[in-house]
Amino acid sequence: MTERGRVRFGDTSIDYEVRRSSRRRKTVQITLDGGGVKVAAPTATPVSEVRAIVRKRAGWILSHASDRMLEAAPKRFVSGETLPYLGRNVRLVVEDADVRTAEVRFDHWRLRVIAPKGLSDDERYESIRRAVVRWYRLRAEERLRDVVDRWTPRLGRGEKSRVLVRDQRQRWGSCAPDGTLRFNWRAMMVKPALLEYVVVHELAHLTHRHHSPEFWALIASVLPDAQRRRQSLREAGRALSL
């Protein structure tokens, strides 16, 4: 008998598959392979007990699992799904209406999407996804510029940096030789403290171009918990699938 479960550890969701066997008496065993996190359990072990064991071993799982194992399932952009926004899960509500393009409204920590009528499934998916990404990017442009402005007096060098929001799947941000700061719009999905770390990290590159000991020392001097934030950001990135 096979069943599936999920536990959260920090900002990361861990999906696991449970395989029960009447031949297994007491122990619950967790293994990792190319297919993900596997849990072997006796037939009579309660679901709650299995979940508690997986949660207890979550730190070990994260330290040994590949990023691919922990990737979130792709979103379908349908009512009832949740999307991350500033570290919180926001429920998605999709409605059809006589509109030309999909529109997104943020209402009491819900994302209401008004989608055009008469679209095929594929067209509807793309229309909603484009609208949601556009909404995130607009929010990112506003918030990231505010955070950069707040930290520039402490970490800026010379003229105020230009801030651009881009679709950078492999990185949270970058700092160009001319001081231009580029940020991934997905930074709006993580907690404000982690978004702040992304900004501080890139501003520190205005002083130290490479990840030298001096670079990390500069970050630690303004963010004493930078190492913890960095690890949390790495874990959060695994769960983003949009």
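Before reading on, note that the structure itself is shown above.
Computed from a prediction, not measured in an experiment: that's the story for all the values here. (Residues numbered from 1 in each chain as written. Predicted model: local features only at pLDDT ≥ 70, side-chain atom pairs only at ≥ 80, totals over all residues. Heavy atoms only, no water.)

1. A few points about the sheet that holds strand S8 (residues 110-116)
The condition that has to hold: Any two strands are treated as partners once DSSP identifies two or more bridges connecting them. Per the convention used, a helix needs a DSSP run of H or I reaching at least four residues, while a strand needs a run of E reaching at least two, with both numbered from the N terminus. Helix axes are fitted only over the stretch in contact, all axes being lines through C-alpha atoms; the angle between N-to-C directions runs from 0 to 180 degrees.
Spatially, the 4 strands line up as an open sheet ordered S5-S6-S8-S7, and their pairing is mixed. Either end of the sheet is taken by a strand with one partner, and the two such strands are strand S5 (82-85) and strand S7 (103-106). Between one strand axis and the next, the sheet turns by 30° as a mean value, whatever way the strands run. Bridge analysis of S5 against strand S6 (residues 88-97) gives 4 bridges, and the strand direction is antiparallel. When the bridges of S6 are listed, Leu83 appears paired with Val90.

2. Things to note about unusual backbone geometry
Here is the rule we go by: A 1.4 Å probe rolled over the protein chains alone gives each residue an accessible area, and that area as a share of the maximum for its type sets the label: buried under 20%, exposed over 50%, partly exposed in between.
Positive phi is not limited to glycine here, since Leu86 has a value of about 50°. Here Leu86 is to be found in the loop between S5 and S6. The exposure class assigned to Leu86 is buried, which follows from its relative accessible area of 12%. Its identity is not glycine, yet Trp109 carries a phi of approximately 60°, on the positive side. Following the sequence through the fold, Trp109 ends up in the loop between S7 and S8. Given a relative accessible area of 31%, Trp109 falls into the partly exposed group.

3. Some details on the sheet that holds strand S9 (residues 163-166)
The line we're drawing: Residues count as neighbours in contact if any of their non-hydrogen atoms are within 4.5 Å of one another.
Across the sheet, which stays open at both edges, the 3 strands sit in the order S9-S11-S10 with mixed pairing between neighbours. Only two strands of the sheet have a single partner each, and these edge strands are S9 and strand S10 (173-175). On average, each strand axis in the sheet is tilted by 20° relative to the strand beside it, whichever way the strands run. Bridge count for S9 against strand S11 (residues 181-184) is 4 bridges, and the pairing is parallel. Across the sheet, Arg166 pairs through a bridge with Asn184, a residue of S11. Against the sheet, helix H3 (residues 121-155) touches S9 and S11, its axis set at about 145° to S9.

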